Amino acid sequence: MTVTAYTLAVVLNLFCVFLGYRFLFQPASAATGYGVPARPDGDAGAYLSIKGLRDGTFGLLGLALLFFVGARAEAWFMLAVAIVPLCDTLIVLRHGGTKAVAFGIHFATAVFVLITAALLFLV
């Protein structure tokens, strides 16, 4: 179970780093994948950069916690960070995104993060 918990945690954190990169360097396609398309050359440019910075920072912080502090700290971090994809679910629904994206991507991510946190607590 330890290997599984650590592997899931590393994958989730690396995915956050990837999302951050994508929002910073491919903002239009990243926004479309998020479920609420936005144009980086319009008013949404700042939002897309902030989202990229937020996601990338979460990923790097998660990796740092896991490797330098341990599984329990990472578990608490993931428990707190699960709020983000839960709120992303609501944001997508509130701004005209599809239920498939809201629940299939964002809500499913929140559940995956919570399961990973639970496994890390058991380590």
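Here's what I pulled together on the structure shown here. (Residues numbered from 1 in each chain as written. Predicted model: local features only at pLDDT ≥ 70, side-chain atom pairs only at ≥ 80, totals over all residues. Heavy atoms only, no water.)

On to the overall build of the protein chain, then. Along the backbone of the protein chain there are 6 helices and 0 strands. Listing every helix and strand of the protein chain by position from the N terminus yields α-α-α-α-α-α. For 123 residues, the compact-globule estimate of 2.2 N^0.38 gives 14 Å, and the protein chain sits close to it at 15 Å. Dimensions of the protein chain, computed from C-alpha atoms along their principal axes, come out at roughly 45 × 25 × 20 Å. Counting all 123 residues of the protein chain, 40% fall into the buried class. In the form shown here, the protein chain has an accessible surface area of approximately 6,900 Å², with 75% of it arising from carbon and sulfur atoms. (Helix = DSSP H or I, 4+ residues; strand = E, 2+ residues; numbered from the N terminus. Rg over C-alpha atoms; globule rule 2.2 N^0.38 Å. Buried < 20%, exposed > 50% of the residue type's maximum accessible area, 1.4 Å probe, protein only. Areas by Shrake-Rupley, 256 points an atom, 1.4 Å probe, with all protein chains shown as cover.)

Our focus in this paragraph is helix α3 (residues 45-68). Taking 1.5 Å per residue as the helical rise, α3 with its 24 residues ought to reach 34 Å, and the 34 Å between its terminal C-alpha atoms agrees with that figure. Elements in contact with the buried residues of α3: α1 (2-25), α2 (27-34), α4 (71-81), α5 (83-94) and α6 (99-122). (Expected span 1.5 Å × (residues − 1). Contact = heavy atoms within 4.5 Å.)

Moving on: the packing of aromatic side chains. For the coordinates displayed, the defined rule picks out 6 aromatic pairs. Ring plane angle 75° and centroid distance 6.3 Å describe the contact between Phe58 and Phe77, whose orientation is recorded as edge-to-face. Taken together, the positions of Phe58 in helix α3 and Phe77 in helix α4 put the pair 19 residues apart, joining distant regions of the chain. What makes Phe58 partly exposed here is its relative accessible area of 23%. Residue Phe77 is classed as buried on the basis of its relative accessible area of 13%. (Phe/Tyr/Trp six-rings, centres within 6.5 Å; stacked < 30°, edge-to-face > 60°.)

The next point concerns the environment of Leu122. Position of Leu122 relative to the elements: it lies in helix α6. As a C-alpha pair, Leu122 and Ala5 span 117 residues in sequence and 8.8 Å in three-dimensional space.

In this section: the packing of α4 against α6. As a packed pair, α4 and α6 sit with axes 8 Å apart at the nearest point and diverge in direction by 155°. Between α4 and α6, the angle falls in the class roughly antiparallel. Once α4 is placed against α6, the crossing between them reads as left-handed. Across the interface between the two elements, Ala71, Arg72, Glu74, Ala75, Trp76, Met78 and Leu79 from α4 touch Val113, Leu114, Thr116, Ala117, Leu120 and Phe121 from α6. Residue composition of the contact of α4 with α6, grouped by class: 10 nonpolar, 1 polar and 2 charged. (Axes fitted to C-alpha atoms, helices over the stretch in contact; angles between N-to-C directions. Parallel < 35°, antiparallel > 145°, perpendicular 65-115°, else oblique. Left-handed = near helix turned anticlockwise from the far one by under 90°. Nonpolar A, V, L, I, M, F, W, Y, C, P; charged D, E, K, R; others polar.)

Read these as spatial facts, not as claims about activity.
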